[in-house]
Amino acid sequence: MVFLTDHLNFMASMMRVCLILLWIRILVQPHILQLKAVQVFPPINFTLTVSALAQVLLSWKPSPNQEQKNYTIRYDVKILTPVFEEYDTTKTHSFQTAVLHNGFSAHVRTLLFHKGLQMTSDWVTAELQPPPGAENTAVTDLSCVTHFTVSSTVSLHCTWLPGKEAPEDTKYFLFYRYETYTEECQDYIKDKWNRNVECRFSVTHIAPGEIDELIVIHINGSSKYAAIKPFQQLFNQNAIEKVNVPRNVTVFLEQNDLVATWEKPLSTFPKGCFEYEFYLINLKSGNEQVSKTYSHDFRLRIDVTGRYSVQIRANHHKCAVNGFWSDWSETLYIGENKQENLIVWSLTVLCVSTCSTVTLIAIKNKYTELLAAVSF
């Protein structure tokens, strides 16, 4: 009897599933048939245009043969090189920021939507060839650092090494692009072959306080003996910022505690956007300690008979990706090494006593000589 009941329940469940599937088929099949009758055409005139340093404009047009009716049309875009990325858009153009010294390629296709159903066209492809240049003539080991200055502007400093196959007469030229602004370096430092290997911008158009904006660095070159291959690199502006040193650092003793306080570095970020490292050296024992904190003060129980040195440094935290740690603050000292003071005092007393004794003996000898002279 139990088996029969279970069997009937199973059959009832299967019947419900079949009815649901039949209902879906009745509801959806007309739309499927309708979409099957629609041909989806790929976009036309798909082109890639370099619109700025390390920036490509992808543009295309809808196929004139494409039916519109009540359909929704979007476009599926795939960036193949240099870095894979896929997205869709309703527009017929798209800007991409990417390094271009190794070329650029992309696909695009039409997406047609109707009442929750989707059809796609074939892909169309476009490609940018790498710029000309001899192998191993491009710069290597490019490194850049920004710094927020007291004038509330951002400086930029970049260094690099010449390509291994770059001739000795190679001249490298650096450009940076930030958003829509592009500038060429005017202040270079040269190596022993008179090749530019370092560039400084004391003032730039980089906006301080922005989050995750990209800085484009482009370096090309010229030589009488070879075509110099250009090189590009993208930097997150927060990741290459050399954070300023914490300000107004003070250290004092409070009973048996060492207490340090400071203010946030010079920056457009609020004070909650930084982390700090506290560097303490016990000059009596030689022990060193580095502690991390997110506040603007630090308290530590210490041996008050010792003498200590204290330094603080800062970096981004929470509000932006970590940059380069600041330099350490000026070294501050606190406490007295009482054992050393006792030794110094003892040596001083001994020295004074010795000098006094020697002086008295000299005086006595001189007096004795004078008496002997008088008696004679």
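What counts, and where the lines are drawn
- Residues numbered from 1 in each chain as written.
- Predicted model: local features only at pLDDT ≥ 70, side-chain atom pairs only at ≥ 80, totals over all residues.
- Heavy atoms only, no water.
- UniProt positions renumbered as here; feature names shortened; annotations may be inferred.
- 1 Å grid on protein atoms, 1.4 Å probe; cavity = no way out; pocket = protein on both sides within 12 Å on 5 of 7 lines; lining within 4 Å.
- Points joined across faces, edges and corners; volume = space filled by probe spheres on them.
- Nonpolar A, V, L, I, M, F, W, Y, C, P; charged D, E, K, R; others polar.
- Pairing = 2+ DSSP bridges.
- Helix = DSSP H or I, 4+ residues; strand = E, 2+ residues; numbered from the N terminus.
- Axes fitted to C-alpha atoms, helices over the stretch in contact; angles between N-to-C directions.
- Salt bridge = Lys/Arg side-chain N within 4 Å of Asp/Glu carboxyl O.
- Buried < 20%, exposed > 50% of the residue type's maximum accessible area, 1.4 Å probe, protein only.
- Polar contact = N/O pair within 3.5 Å; in protein donor to acceptor, adjacent residues only side chain to side chain.
- Disulfide = S-S within 2.5 Å.
- Contact = heavy atoms within 4.5 Å.
- pLDDT = per-residue confidence, 0-100.
- Phe/Tyr/Trp six-rings, centres within 6.5 Å; stacked < 30°, edge-to-face > 60°.

- Looking up the protein in an unreviewed UniProt entry gives the name Interleukin 5 receptor subunit alpha, with the organism given as Gallus gallus.
- Per UniProt, the protein has the following entry under Subcellular location (unreviewed entry): "Membrane".

### Focus on the layout of surface pockets
Then, number 1: If you add up the space inside the largest pocket, you get close to 160 Å³.
Then, number 2: Forming the walls of the largest pocket are 14 residues, and the residues nearest its centre are V50, L100, H101, P131 and Q232.
Then, number 3: Per-class residue counts for the lining of the largest pocket are nine nonpolar, five polar and no charged.

### What to know about the sheet that holds strand 23 (residues 332-334)
Then, number 1: Strand order in the open sheet made by the four strands is 20-19-22-23, with antiparallel pairing throughout. Because the sheet does not close on itself, it has two edges, and the strands there are strand 20 (288-293) and strand 23. Here the average twist between neighbouring strands, direction ignored, is 25°.
Then, number 2: In this sheet, strand 20 lies alongside strand 19 (residues 274-282) in antiparallel orientation, the contact comprising six bridges. By the bridge assignment for strand 20, Y279 is matched with V290.

### Notes on the pattern of salt bridges
Then, number 1: Within the structure shown, the criterion is met by 11 salt bridges.
Then, number 2: Put simply, R195 and D191 hold a salt bridge, and the shortest N to O gap is 3.1 Å.
Then, number 3: On the basis of relative accessible area, R195 is assigned to the buried category, the value being 8%.
Then, number 4: Note that R301 and D257 form a salt bridge whose closest N and O atoms lie 2.6 Å from each other. With a gap of 44 residues between them, R301 in strand 21 (residues 297-301) and D257 in strand 18 (residues 257-263) connect regions that are remote in the sequence.
Then, number 5: Connected through shared salt-bridge partners, E254, D257, R299 and R301 make up one network.

### With respect to the side chain of T204
Then, number 1: Its place among the elements puts T204 in the loop between strand 14 (196-201) and strand 15 (214-222).
Then, number 2: In terms of polar contacts, T204 uses its side chain to reach the backbone carbonyl oxygen of V154, at 2.7 Å.
Then, number 3: Within the structure, the side chain of T204 is placed 3.2 Å from the backbone nitrogen of I206, a separation counted as a polar contact.

### Some points on the state of the cysteines
Then, number 1: Per the counting criterion, the structure on display carries three disulfides.
Then, number 2: The partner cysteine of C144 in its disulfide is C158, sulfur to sulfur 2.1 Å. The S-S bond linking C144 to C158 shows a torsion near 110°; that makes this disulfide right-handed. Residue C144 is found in strand 9 (residues 140-148), and its partner C158 is found in strand 10 (residues 154-161); the two are separated by 14 residues along the sequence.

### A word on the environment of Y279
Then, number 1: Summarising the element assignment, Y279 is placed in strand 19.
Then, number 2: Look at Y279 and you get buried, because its relative accessible area is 18%.
Then, number 3: With 13 residues separating them in the primary sequence, Y279 and K292 have C-alpha atoms 9.0 Å apart.
Then, number 4: Excluding its chain neighbours within four sequence positions, the residues that come into contact with Y279 are E288, Q289, V290, S309, V310, Q311 and W328.

### Observations regarding the confidence of the model for the protein
Low pLDDT means the predicted coordinates in that region are not meant to be read closely.
Then, number 1: For the protein, per-residue confidence averages 86 on the pLDDT scale, and residues scoring 70 or more make up 80% of the total.
Then, number 2: Note on residues 338-349: pLDDT under 50 across the span, and four contacts to partners over four residues away in sequence or across chains.
Then, number 3: Between residues 370-376, whose pLDDT stays under 50, and residues either more than four places distant or in other chains, the model counts zero contacts.

### Looking at the packing of aromatic side chains
Then, number 1: One pass over the structure, following the stated rule, counts six aromatic pairs.
Then, number 2: For the pair Y176 and F201, a centre-to-centre distance of 5.0 Å together with 80° between the ring planes defines the contact as edge-to-face. Here Y176 is found in strand 11 (residues 171-178), whereas its partner F201 is found in strand 14, with 25 residues between them in sequence. Of the two residues, Y176 and F201, neither departs from the other in class, the shared state being buried.
Then, number 3: Aromatic side chains Y279 and W328 sit 5.3 Å apart centroid to centroid with 40° between the ring planes, which places their arrangement in the tilted category.

### Focus on unusual backbone geometry
Then, number 1: In the segment running from T81 into P82, the intervening peptide bond is cis, with an omega of 10°.
Then, number 2: Its identity as a non-glycine residue notwithstanding, N45 has a phi of 55°, on the positive side.
Then, number 3: Inspection of the secondary structure assignment puts N45 in strand 1 (residues 44-52).
Then, number 4: With phi around 50°, K115 is a residue other than glycine that occupies positive phi space.

### What about the sheet that holds strand 21?
Then, number 1: One open sheet accounts for three strands, arranged 17-18-21; its pairing is antiparallel. Bordering the open sheet on either side are strand 17 (247-254) and strand 21, each of which pairs with just one other strand. When the angles between neighbouring strand axes are averaged without regard to direction, this sheet yields 15°.
Then, number 2: Sheet analysis places strand 18 next to strand 21, joined by five bridges and oriented antiparallel. Along strand 21, the bridge assignment pairs A260 with F298.

### Quick notes on the pairing of strand 5 (residues 93-97)
Then, number 1: Of the two faces of strand 5, only the one carrying S94 and Q96 is buried; H93, F95 and T97 on the other face are not.
Then, number 2: When strand 2 (residues 55-61) meets strand 5, the two strands line up antiparallel, connected through five bridges. Along strand 5, the bridge assignment pairs Q55 with T97.

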